[in-house]
Amino acid sequence: MDMVRKVEVVPYRQEWPFQFEVEAKTLREVFGDQVLSIHHFGSTSVPGICAKPIIDILLIVRDIDAVFALVPTLEKLGYLFKGEYGIPGRSFFIKGTEDVRSHHLHVYQINNPHILRHLAFRDYLRTHPDLAEQYGALKESLARQFPEDIDCYNEGKSDFIKEQERQALKWWAEQNGSPD
């Protein structure tokens, strides 16, 4: 899916939550009344964990089809529209270039099942620092092993992520009750 590009994993940076808030404010203005909520997720949202220095933003909208009209405005802000990019029902954007990115914007319509998966995984890592530490160590190891190949890096994380997502969804249901 991705072209071969450099893998950079860095220690947690205190400025990541602030960088999210700045971008979220701009996105709220662009999306207006379509916005239901905006979340910081991914490794940059988990304090103490190393990450690729790219802020992942999950934006939940009323109507995913309304996003298409906003693509030209987002392009003026430096975003590149990538379509669903492998996840049904998502509109995905990168801010920057294919090689140098600062943000990933994941837009979902309310009730898309991927929303819960992303947020449960984030919250699970935030409340289970031992697993967050394991995940960080795995990412550092994979970045050393595949410094020029993002696809192999991502593939190396896949089994860990899938297993922890399963655990996270179970944990989330125990904490919050069934989403049905």
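As a reminder, the structure under discussion sits directly above these lines.
All values derive from a computational prediction rather than experimental measurement.

Criteria and thresholds
- Residues numbered from 1 in each chain as written.
- Predicted model: local features only at pLDDT ≥ 70, side-chain atom pairs only at ≥ 80, totals over all residues.
- Heavy atoms only, no water.
- Helix = DSSP H or I, 4+ residues; strand = E, 2+ residues; numbered from the N terminus.
- Buried < 20%, exposed > 50% of the residue type's maximum accessible area, 1.4 Å probe, protein only.
- Areas by Shrake-Rupley, 256 points an atom, 1.4 Å probe, with all protein chains shown as cover.
- Salt bridge = Lys/Arg side-chain N within 4 Å of Asp/Glu carboxyl O.
- Phe/Tyr/Trp six-rings, centres within 6.5 Å; stacked < 30°, edge-to-face > 60°.
- Lys NZ or Arg CZ within 6 Å of the ring centre and 35° of its normal.
- Pairing = 2+ DSSP bridges.
- Axes fitted to C-alpha atoms, helices over the stretch in contact; angles between N-to-C directions.
- Contact = heavy atoms within 4.5 Å.

J.: Tell me what's going on with the overall build of the chain, and back it up with residues and numbers.
T.: Across its full length, the chain holds 5 helices and 5 strands. Walking the chain from its N terminus toward its C terminus, one meets helices and strands in the order α-β-β-α-β-β-β-α-α-α. Each principal axis of the C-alpha atoms in the chain carries an extent, and together these give about 40 × 40 × 30 Å. Within the chain, the fraction of its 180 residues that count as buried is 45%. Of the roughly 9,400 Å² of accessible surface on the chain, 53% is carried by carbon and sulfur atoms.

J.: Can you explain the pattern of salt bridges? Please cite residues and give values.
T.: In total, this model carries 6 salt bridges according to the counting rule given. A salt bridge links E29 to K25; the shortest N-O distance between them is 3.4 Å. With E29 and K25 both in helix 1 (residues 16-31), this residue pair falls 4 residues apart, about one helical turn. Note on K25: relative accessible area 53%, which makes it exposed. The salt bridge involving R117 is made with E165; its shortest N-O contact spans 2.8 Å. Of this pair, R117 sits in helix 3 (residues 113-127) while E165 sits in helix 5 (residues 150-176), placing them 48 residues apart in sequence. Exposure class is identical for R117 and E165. Each is buried. Through salt bridges with shared partners, one network takes in R122, D123 and R126.

J.: Let's hear about the packing of aromatic side chains: which residues, and what values?
T.: Considering all chains together, one arrives at 8 aromatic pairs under this definition. Both rings, one in F81 and one in F93, keep their centres 4.9 Å apart while their planes meet at 40°; by these two values the pair is tilted. Taken together, the residues F81 in strand 3 (residues 79-83) and F93 in strand 4 (residues 90-96) connect sequence positions 12 residues apart. On the accessibility criterion, F81 (27% relative accessible area) is partly exposed. Aromatic pair Y135 and F160: ring centres 5.2 Å apart, planes at 5°, arrangement stacked. Linking Y135 in helix 4 (residues 129-145) with F160 in helix 5, this pair joins segments that are 25 residues apart in sequence. There is no split in this pair, since Y135 and F160 are both buried. The ring of Y135 has K139 sitting right over it, with the charged end atom 4.8 Å from the ring centre.

J.: Lay out the sheet that holds strand 2 (residues 55-61) in plain terms, naming residues and giving numbers.
T.: Paired through backbone hydrogen bonds, the strands of a sheet run either parallel or antiparallel to each other. Taken in spatial order, the 5 strands make up an open sheet running 1-2-5-4-3, and their pairing is mixed. Here the strands that pair on one side only, and so sit at the sheet edges, are strand 1 (35-41) and strand 3. Going across the sheet, the axis of each strand differs from the next one's by a mean of 20°, ignoring polarity. The pairing of strand 4 with strand 5 (residues 101-109) spans 7 bridges and is antiparallel. Paired with F92 across the two strands is H106, which belongs to strand 5. Seen against the sheet, helix 1 touches strand 1, strand 2, strand 3, strand 4 and strand 5 and runs at an angle of roughly 160° to strand 1.

J.: Tell me about the pairing of strand 5, and name the residues and values.
T.: Within strand 5, 7 of the 9 residues are buried, leaving the element largely enclosed by the surrounding structure. Note: strand 2 against strand 5, 7 bridges, orientation parallel. Considered in strand 5, the bridge of V61 is made with Q109.

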